[in-house]
Amino acid sequence: MTSSDGRAAILGRYQNTCVIGAGVIGASWTALFLAHGLKVVVNDPQPDIEGFVRTMLDKAGPTLKALGLPHQGLDANLRFEADLERAVAGADLVQENGPENPQWKQDLWARAEPALQKHALLLSSSSARPATEQARKMKDASRLLIGHPFNPPHLIPLVEVVPGEHTAPEAVTDAVAFYDALGKVPRVLKKEIQGFVANRLQRAIMREACYLVQEGVVTVDELDDIVTSSIGLRWAVNGPFSSFHMGGGPKGLESFFQHLGKNMAKSFKVIPEVDLDEKLQQRIVDQAAASFGKTPIPQMERRRDDAQLAILGALAGLAGEGATRS
Ligand SMILES: NC(=O)c1ccc[n+]([C@@H]2O[C@H](COP(=O)([O-])OP(=O)(O)OC[C@H]3O[C@@H](n4cnc5c(N)ncnc54)[C@H](O)[C@@H]3O)[C@@H](O)[C@H]2O)c1
């Protein structure tokens, strides 16, 4: 872990940031960047973007405070600039969070490139679209890579750092150092793959969750309840491999595979049909509406942040590190 002086020095290199697209993810990054003393220029054509971002700053306040970060008066370092070229012109770092559309991202980087400073670090929050694909219309993509957060980025630690074919190794080092200095847990992927790692895992679980609702095995809220009281709790502490290592007996994964490996291998080959058609989507929406859907989303978000902070604090306490890193 970098010392607080080291973190301040790293963040000193990125005083001027530009957040492109300030919806769910961009507004949350904006809150975190501002809380770490960075200047943020928001580029988003939405007419009510200022109100949206300011509401997000208010909503994120209690979470930032719990993380030991400044949470008031953050907008002193916030500026809105609807023109892309002007928005990126002075940036040391750009975090892109626009629509998840490969053409759009390619055009964006191509348009931004002539206005960018040579040293600017270019990070895309994309959930699935690799940097090599995004860079197709750029002349020099050596500073472009993926910095994929988990919602909300101002709270969830993981950032998947995924270089493209043209990304320079120093840009990877810089991205890891930057996210680490923000208190994140950056993890570099060795290869580009659509959906990266965490979303591929989520997709596999979501597929099975939809299948179980499709088949009427459980309702939406029953499924959520089963997850939070079992694998959700387990996976905050151990990943699937180390969990099964402990589930395998004295020889860990070796005995786990001896006992269950054959059946597991067979079951991997049986992939049930899930048709997430309008009918199934409506069933999921209706079941959610009859259950947790009655709670206003801001109230759910507040409880989510409070509960996740409590878990993070408890885990940090166990590791003897104190509850926060700031
Ligand atoms: N929502 C998530 O859970 C999540 C998690 C991690 C990563 N992501 C990724 O982050 C990115 C943004 O996702 P989101 O959920 O915040 O979407 P969103 O729809 O909430 O926000 C997208 C924003 O981009 C803006 N935008 C549209 N055209 C633009 C333009 N020409 N210039 C600048 N801004 C423009 C929109 O006005 C909107 O505010 C996507 O690439 C997505 O895959 C999303």
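What counts, and where the lines are drawn
Residues numbered from 1 in each chain as written. Predicted model: local features only at pLDDT ≥ 70, side-chain atom pairs only at ≥ 80, totals over all residues. Helix = DSSP H or I, 4+ residues; strand = E, 2+ residues; numbered from the N terminus. Domains from an automatic or database assignment. pLDDT = per-residue confidence, 0-100. Contact = placed C-beta atoms within 7 Å. Near = placed C-beta within 6 Å. Nonpolar A, V, L, I, M, F, W, Y, C, P; charged D, E, K, R; others polar.

Novice: Explanation requested: unusual backbone geometry in the structure shown.
Specialist: Across residues other than glycine, the phi torsion is negative in most instances, and most of the peptide bonds are trans. A cis geometry characterises the amide bond from Asn151 onward to Pro152, with omega recorded as -5°. Within the fold, Pro152 resides in the loop between strand S6 (144–149) and strand S7 (158–163). Positive phi, normally seen in glycine, also occurs at Phe196, with a value near 50°.

Novice: Before we go on, may I ask you to explain the domain arrangement of the chain in this structure?
Specialist: Interface size is commonly expressed as the accessible area that is lost once the parts come together. The assigned domain composition of the chain is domain 1 (4–188) and domain 2 (198–294). The C-alpha centroid of domain 2 is placed 32 Å from the C-alpha centroid of domain 1.

Novice: I would appreciate a short explanation of the confidence of the model for the chain in the present structure.
Specialist: Any residue range with low pLDDT should be treated as having predicted coordinates unsuitable for detailed reading. With 98% of its residues at a pLDDT of 70 or more, the chain shows a mean pLDDT of 95. Below pLDDT 50 for its whole length, residues 321–326 participates in 12 contacts with residues either more than four positions away or in separate chains.

Novice: Explain the site of the ligand here, please?
Specialist: Of all residues adjacent to the ligand, which total 21 residues, the nearest are Gly21, Gly23, Ile25, Ser127 and Asn151. Breaking the shell around the ligand down by element, the ones donating at least two residues are helix H2 (24–35) and S6. Among the elements that take part in the shell around the ligand, H2 stands out by supplying three residues, more than any other. Here the shell around the ligand is composed, by residue class, of seven nonpolar, 12 polar and two charged.

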